[in-house]
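Chain and residue survey
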Amino acid sequence: MRLDTNFVAGSWRRGTDRLDIANPSDLDQIAGSYTLATADDVRDAFAAARAAQPAWRDATVEQRSLVLEAISRAIFDNKDELARISATEGGKTIPDALGEIVRAGHLARFFAAEALRVPGETVGSVRAGVDVDVTREPVGVVALITPWNFPVATPMWKIAPALAFGNAIVWKPSEKTPGISMAITRIIAEALAAHNMPTGLFNLVVGAGPTVGAAVADGADAVSFTGSLNTGRRIAVRCAERMVRCQLELGGQNPLVVLADADPARAADLAVNSAYFHAGQRCTAAGRLIVEDGIHDAFVAAVTERMAGLRVGHSLLPETQIGPVIDEFQMTKNLGYIETGLRENAKLASGGERLSRPTRGWFLAPTLFTETTNAMTINREEVFGPVASVIRVANYEEALATANDTVYGLSSGIVTNSMKHARHFQANVQSGMTMLNLPTAGVDYHVPFGGRKMSSYGPREQGRYAIDFYTIVKTAYRSL
């Protein structure tokens, strides 16, 4: 039990409104008990961050790099314990949790190197005797608002560049995964303290979005948010009213196109990976399987055969491939979409029901619909669960048009042996990321992450592109 949940100005604080988190794999087990931040906690967090940021701004690039190296080492050294915490409160399988935590360690290490090579340039002026310096400076105090589905990697691809480029942080993670957020906060605070940096640089406030999240967004010089489209819109409006920058990573209803020249077995493997692992709770998951008529029946047969062998169960059991959805809200939402699909005359080919296991948990059978159209609700909205739909198309041209017929544009994929169609798809699909003969979910840590249309707003995350959000460009003129 950790009622001192919030980390503000270098100290752990007890908030109000006790929050008990049940293990989604075993609802009779409480994963942890916490308290939520207050308005005073948020105000104090920003005051601490603003007081601490000048020292961090003035630190050498080597000092910043060493802090991030220490964070990376600690994540790798404690990966097994971090994975256990994440699996227990969030329902990830241990392999999924470990994979995410290792990625977070790599992210911290990558930005430890980026801290050493912040770019700038000196150029000649059009005026004689004048030189021009173009440099980058920290934004100041940034608010990071992160989701529950990737409670370590998503925060780290915001935290690491924010620190690397000299900013202070107020972090509001999802209140559904406070335990792992506290564990990461301890690692960061210890690294800062070990290098004699003010611990007020990094603050953790746990609470609901409409209260704590809104206060965090209103207090920062920049806001980076990953979450739902509706919440992202509200944050964008608040930031526009205050004339501060925002970075939004929102939802997706991602297409995986399967052409007739593909191998059905390979395509089925990619589809199952894209749609169902991590219980479908990935913004890059494929909810729409757009399949050319010539391979449709063989593909559906191969997918349903693989789905029958998927092992859904307790996240800590080694044989489990897919754990539970995170909570009752998500289960109810998923079942509601399944009911809507049936009501709109989609054919249920597999799954669709809550599963019984030795422990009480939020276990949902991976679900596949066939005979769907792109106009159906389950293909227009983000389900965010282990639910996918097959859309039959006549040819590649219809497949591409269907893939692009969505308000979202995060990830996409195509399964084909045709280089012609693969290259055309890459150039013409309206998504920020696209995959050839790979799952739609699964990205590298050293390259840009983000989408287009309603899926993303603002500069890209990850890779060298992250500097564009966390720094301000200054142009200085000098007379010799």
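Scope of this entry: the structure provided in the associated data block. (Residues numbered from 1 in each chain as written. Predicted model: local features only at pLDDT ≥ 70, side-chain atom pairs only at ≥ 80, totals over all residues. Heavy atoms only, no water.)

Section: the sheet that holds strand 5 (residues 121-124)
- The strand order across the open sheet built from three strands is 5-6-20, with neighbouring strands paired in antiparallel fashion. Each edge of the open sheet is held by one strand with a lone partner, namely strand 5 and strand 20 (471-479). In this sheet, neighbouring strand axes are inclined to one another by 25 degrees on average, regardless of whether the strands run parallel or antiparallel.
- Sheet topology note: the strand 5/strand 6 (residues 130-138) ladder contains four bridges and is antiparallel. Bridging across to strand 6, V123 finds its partner in V132. (Pairing = 2+ DSSP bridges. Helix = DSSP H or I, 4+ residues; strand = E, 2+ residues; numbered from the N terminus. Axes fitted to C-alpha atoms, helices over the stretch in contact; angles between N-to-C directions.)

Section: the pattern of salt bridges
- For the coordinates displayed, the defined rule picks out 24 salt bridges.
- Measuring nitrogen to oxygen at the nearest pair gives 2.9 Å for the salt bridge that ties D28 to R360. Of the two residues, D28 is situated in strand 4 (residues 26-36) and R360 in the loop between strand 14 (347-350) and strand 15 (367-372); the sequence distance between them amounts to 332 residues.
- Classification of D28 as exposed rests on a relative accessible area of 59%.
- Close ionic contact of R57 with D58 constitutes a salt bridge, the shortest N to O distance being 3.2 Å. (Salt bridge = Lys/Arg side-chain N within 4 Å of Asp/Glu carboxyl O. Buried < 20%, exposed > 50% of the residue type's maximum accessible area, 1.4 Å probe, protein only.)

Details of the packing of helix 2 (residues 61-77) against helix 5 (residues 153-164)
- Here helix 2 crosses helix 5 at 155 degrees, and the two axes come no closer than 9 Å. The orientation of helix 2 with respect to helix 5, classified from their angle, is roughly antiparallel. Two secondary-structure elements touch here, helix 2 through R64, L68, I71 and I75 and helix 5 through M156, A160, L163 and A164.
- Here the contact of helix 2 with helix 5 is composed, by residue class, of seven nonpolar, no polar and one charged. (Parallel < 35°, antiparallel > 145°, perpendicular 65-115°, else oblique. Contact = heavy atoms within 4.5 Å. Nonpolar A, V, L, I, M, F, W, Y, C, P; charged D, E, K, R; others polar.)

Structural notes on the nonpolar core
- Counting 90 residues, the largest nonpolar core has I71 and M156 as its most contacted members.
- Counting residues per element, this core draws most heavily on helix 6 (residues 178-194), at nine residues.
- In this structure I71 touches A108, M156, L163, I187, I188 and A191, once residues within four positions along its chain are discounted.
- Counting residues in each nonpolar core, the second largest holds 43 residues, with V300, A302, V303 and A388 among its members. (Core = buried A, V, L, I, M, F, W, Y, C linked by side-chain atoms within 4.5 Å.)

Regarding the pairing of strand 6
- Between the end of strand 5 and the start of strand 6, which pair antiparallel, lie five residues, with G129 showing a positive phi angle near 75 degrees.
- As judged from the nine bridges shared by strand 6 and strand 20, these two strands associate in the antiparallel manner. The partner of D133 across the bridge, within strand 20, is A476.

As for the pairing of strand 10 (residues 222-226)
- Of all five residues making up strand 10, five are buried, and the element is well covered by its neighbours.
- A two-sided burial pattern is seen for strand 10, the buried positions comprising A222, S224 and T226 on one face and V223 and F225 on the other.
- By the bridge criterion, four bridges tie strand 7 (residues 141-145) to strand 10 in an arrangement that is parallel. Looking across to strand 10, one finds that L144 is bridged to S224.
- Relative to strand 11 (residues 245-249), strand 10 is paired through five bridges, and the arrangement is parallel. Across the sheet, residue S224 finds its bridge partner in strand 11, namely Q247.
- Handedness of the strand 10-helix 8 (residues 229-242)-strand 11 crossover: right-handed. (Right-handed = clockwise from strand over helix to strand, strands pointing away.)

Honestly, it's all geometry; don't read function into it.
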